[in-house]
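Overview (structure and organization)
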Amino acid sequence: MSAAPNPDQLDALFFALASEPRRRMLDALKQEPGCNVNHLCELLEADLGRFAVMKHIATLERAGLVIAERVGREKLLWFDPTPIHWIHERWTTEYSAYWAAQLTQLKYSAEGALVTPLPKRKKAGGRHG
């Protein structure tokens, strides 16, 4: 997948994450990286058959959440959190910076340090000339 997701990649990602069985698969792959498809089928056999597991794996691969590698007759699977990081970066980065600054200010205030706010910058615009 590319460095930044396009709209189709985001749609595939949200579609993949919308399914509870697929989220359980990701949890299993996070706990046991490189497990094979048979092991994943065993973990989910109470709820899903092999065919359903294979379809869910294909959906997770299209979303970039699972990396699969064929080794002989086995298909080994790994969880790739990169697409989830895209979501985090897209919608939370500006809030993270704000709260980090608030926590720093709280720390300095609790320690009795003098905190001098930076002067507010004037907005660009108006007449140029």
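This one's a predicted model, so the numbers in the text were calculated from it and none came from an experiment.

Observations concerning helix 4 (residues 50-62)
With 13 residues, helix 4 extends 19 Å from end C-alpha to end C-alpha; this agrees with the ideal 18 Å at 1.5 Å per step. Here helix 4 has its buried residues at V53, H56, I57, T59 and L60. An end-on view of helix 4 places all buried positions within 160° of arc, on one side of the element. Facing away from the buried surface of helix 4 by more than 90 degrees, the exposed residues are F51, K55 and R62.

Description of the pattern of salt bridges
Applying the stated criterion to the full structure yields four salt bridges. Two residues, R24 and E20, come together in a salt bridge whose shortest N-O distance is 3.1 Å. Within this pair, R24 and its partner E20 are both found in helix 2 (residues 20-31), separated by four residues, close to a single helical turn. Its relative accessible area of 40% is what places E20 among the partly exposed residues. Here E111 and K107 are joined by a salt bridge, their closest N and O atoms 3.0 Å apart. Under the relative-accessibility criterion, E111 is labelled exposed at 54%. Owing to a relative accessible area of 43%, K107 belongs among the partly exposed residues under this scheme. The network of salt bridges with common partners includes E20, R24 and D47.

Calculation notes
- Residues numbered from 1 in each chain as written.
- Predicted model: local features only at pLDDT ≥ 70, side-chain atom pairs only at ≥ 80, totals over all residues.
- Heavy atoms only, no water.
- Helix = DSSP H or I, 4+ residues; strand = E, 2+ residues; numbered from the N terminus.
- Expected span 1.5 Å × (residues − 1).
- Buried < 20%, exposed > 50% of the residue type's maximum accessible area, 1.4 Å probe, protein only.
- Arc of directions from axis to C-beta.
- Salt bridge = Lys/Arg side-chain N within 4 Å of Asp/Glu carboxyl O.

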